[in-house]
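Working through the structure, step by step
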Amino acid sequence: MMMIKSLKTAFYVGAALMISGIGVVHAASQPVVVELYGKNACTDDTQVQDRLLEILQQDKNVILVNCRRLYKGANEDHRYTLDFCNDRVREYSTKFGYSGLKTPMIIVNGRWDAFRKDITPAVKMGETDTVYPITVKVSDGNLDIEIPDIESDAQFGSLFLYAYLPTQGKKKIIVDPDVVMTPALEQKIREKKNVPFVQEAHVTNFYLRPVIRREVIGSWNGNKVSMTYSLDDITAMAGDRAKDLSYVVVLQEGGDYGPIIAAGEVVSNAELVESLPKSEPLEIEYTSYPTPTSAPIATLPAE
């Protein structure tokens, strides 16, 4: 993991998750922005998304920008892939001095990089940054944005808006037929502890808060900002899923790839239900059965 020095002592991302009709209010004390640039149907990428989901469920201060890279092979899964995600991977690779392109690439606060199992240390480093919140609200088809006074030597930056859909993809627990399910074992599974002959698997492809649109919504000149931005184009593109969209606003100091110095997020009710700690039953499937009549398909009772 390496550090990119900021233009001055860091005044980094804050997030006030506020809502007007599509989510709930979160009071973020020390927010961190995690940018993920991954490849669909990649085992490493799926594992990273699983870990980021755990982090999101455990830490309300984390904001995720999940940007799916576009691969143009005939057999590639192109769902949610976007050209600008590739552009950002190339620019970040130059910034961090990579000899090649990491897959998946994980950037925290625009200054810390992580790779697969290094996500938690990078997030912890991000938590040491001093952060400022952007207040974000959805109202009457618009996004109301409030940026506080922020100290910056550069005194300019780029303001980005990301729109993402709710998390998609389901999991189930695969259990060896010789395993006897007990309340104690079920609890271990819920706590994601290692249990012999029990594994977790995705039933469908997994997309954690996939970004479907990014817009440059303004240039920052170092001053406090109060603005309203129309969501008409984004909601028209999303069609009947517009009501399920969530939004992230990010301010990057000194240009498009500078340190993130402010950010905010508004999360839809659909995403809150999908990715925050769950209470619905977890499907359990046995890998094989001794006889045709002994094929138990069990579900854990809701908590």
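Residues numbered from 1 in each chain as written. Predicted model: local features only at pLDDT ≥ 70, side-chain atom pairs only at ≥ 80, totals over all residues. Heavy atoms only, no water.

**Let's talk about the overall build of the protein chain**
Along the backbone of the protein chain there are six helices and 18 strands. By residue count, 50% of the 303 residues in the protein chain fall in the buried class. Taking the intrachain contacts of the protein chain between residues at least 6 apart in sequence as the baseline, contacts between residues at least 24 apart amount to 73%. For the protein chain, the computed accessible surface area is about 14,100 Å², with 51% contributed by carbon and sulfur atoms. (Helix = DSSP H or I, 4+ residues; strand = E, 2+ residues; numbered from the N terminus. Buried < 20%, exposed > 50% of the residue type's maximum accessible area, 1.4 Å probe, protein only. Contact = heavy atoms within 4.5 Å. Areas by Shrake-Rupley, 256 points an atom, 1.4 Å probe, with all protein chains shown as cover.)

**Here's the deal with the side chain of Ser 158**
Examined against the element boundaries, Ser 158 turns out to sit in strand β10 (residues 157-164). A polar side-chain atom of Ser 158 sits 2.7 Å from a polar atom in the side chain of Asp 256. In contact with Ser 158, other than residues within four places in its own chain, are Gly 218, Val 250, Leu 251, Gln 252, Gly 255 and Asp 256. (Polar contact = N/O pair within 3.5 Å; in protein donor to acceptor, adjacent residues only side chain to side chain.)

**Brief notes about helix α2 (residues 83-96)**
Helix length check: α2, at 14 residues, gives a terminal C-alpha distance of 20 Å against a target of 20 Å (1.5 Å per residue), a fit within 8%. Taken together, the buried positions of α2 are Phe 84, Cys 85, Asn 86, Arg 88, Val 89, Tyr 92, Ser 93 and Phe 96. Two residues or fewer past α2, Gly 97 is found with a positive phi of approximately 70 degrees. (Expected span 1.5 Å × (residues − 1).)

**Digging into the sheet that holds strand β7 (residues 112-114)**
Pairing within the open sheet is mixed, and its five strands lie in the order β5-β4-β3-β6-β7. Each having just a single partner strand, β5 (81-82) and β7 make up the two edges of the open sheet. Note that strand β6 (residues 105-108) and β7 share three bridges and pair antiparallel. Across the sheet, the residue bridging to Ile 107 is Asp 113, located in β7. (Pairing = 2+ DSSP bridges.)

**Comments concerning the nonpolar core**
Residues Ile 134, Leu 143, Leu 161, Tyr 247, Val 249 and Leu 251 are the most contacted members of the largest nonpolar core, which totals 29 residues. Grouped together as the second largest cluster of nonpolar side chains are 24 residues, Val 65, Tyr 92, Val 248 and Ile 260 included. (Core = buried A, V, L, I, M, F, W, Y, C linked by side-chain atoms within 4.5 Å.)

**Details of unusual backbone geometry**
The phi dihedral of Asp 140 falls on the positive side, at around 50 degrees, and the residue is not glycine. A residue is classified by how much of its surface remains accessible, and Asp 140, at 75% relative accessible area, is exposed. At Arg 209, a residue that is not glycine, the phi angle is positive and equals roughly 50 degrees. Looking at the secondary structure, you find Arg 209 in the loop between β12 (198-202) and β13 (211-220). In this structure Arg 209 comes out as buried when scored by relative accessible area, which is 4%.

**Description of the confidence of the model for the protein chain**
Of the residues in the protein chain, 75% have a pLDDT of 70 or more, and the chain-wide mean is 78. Considering each helix and strand of the protein chain separately, the mean pLDDT is smallest for strand β1 (residues 11-17), with a value of 30, and largest for β10, with 96. When the criterion is pLDDT under 50, residues 1-21 qualifies, and its contacts beyond four places in sequence or with other chains add up to 93 contacts. Here residues 278-282 is a poorly scored stretch, pLDDT under 50, and it has eleven contacts once near neighbours within four places are set aside; other chains count. (pLDDT = per-residue confidence, 0-100.)

**Comments concerning the pattern of salt bridges**
Applying the stated criterion to the full structure yields ten salt bridges. Among the salt bridges present, the one from Glu 54 reaches Arg 51, with a minimum N-O distance of 2.9 Å. Remark: Arg 51 and Glu 54 occur in helix α1 (residues 43-58); sequence separation between them is three residues, near one turn of the helix. Between Arg 209 and Glu 271 there is a salt bridge, with its nearest N and O atoms 2.7 Å apart. Taken together, the residues Arg 209 in the loop between β12 and β13 and Glu 271 in helix α6 (residues 269-275) connect sequence positions 62 residues apart. If you follow the salt bridges from partner to partner, you end up with Arg 209, Glu 265 and Glu 271 in one network. (Salt bridge = Lys/Arg side-chain N within 4 Å of Asp/Glu carboxyl O.)

**Topic: the pairing of strand β3 (residues 32-38)**
Among the seven residues in β3, seven count as buried, and that is most of the element. Every second residue of β3 is oriented toward a common face, with Val 32, Val 34, Leu 36 and Gly 38 on one face and Val 33, Glu 35 and Tyr 37 on the other, all of them buried. Note: β3 against strand β4 (residues 62-69), seven bridges, orientation parallel. When the bridges of β4 are listed, Gly 38 appears paired with Arg 68. Summarising the sheet, β3 and β6 pair through four bridges and their orientation is antiparallel.

**Notes on the packing of aromatic side chains**
Aromatic ring pairs: the centre-centre distance and the angle between the two ring planes describe each pair. Applying the stated criterion across every chain yields a total of six aromatic pairs. Centre to centre, the rings of Tyr 80 and Tyr 207 are 5.1 Å apart; their planes meet at 80 degrees, and the pair counts as edge-to-face. One end of the pair, Tyr 80, is in the loop between β4 and β5; the other, Tyr 207, is in the loop between β12 and β13, with 127 residues separating them in the sequence. Accessibility assignment for this pair places Tyr 80 and Tyr 207 in one class, buried. Summarising the aromatic geometry, the rings of Tyr 92 and Phe 96 are spaced 6.2 Å apart at their centres and angled 55 degrees between planes, so their arrangement reads as tilted. Of this pair, Tyr 92 and Phe 96 both sit in helix α2, four residues apart, which is roughly one turn of that helix. For Tyr 92, a relative accessible area of 0% translates into the label buried. Joined through ring pairs, the aromatic side chains of Tyr 37, Tyr 92, Phe 96, Tyr 98 and Tyr 257 make up one cluster. Here the guanidinium or amino end of Arg 88 rests over the ring plane of Phe 160, the centre of that ring lying 5.4 Å away. Positioned above the aromatic ring of Phe 84, the side-chain terminus of Arg 214 is 4.6 Å from the ring centre. (Phe/Tyr/Trp six-rings, centres within 6.5 Å; stacked < 30°, edge-to-face > 60°. Lys NZ or Arg CZ within 6 Å of the ring centre and 35° of its normal.)

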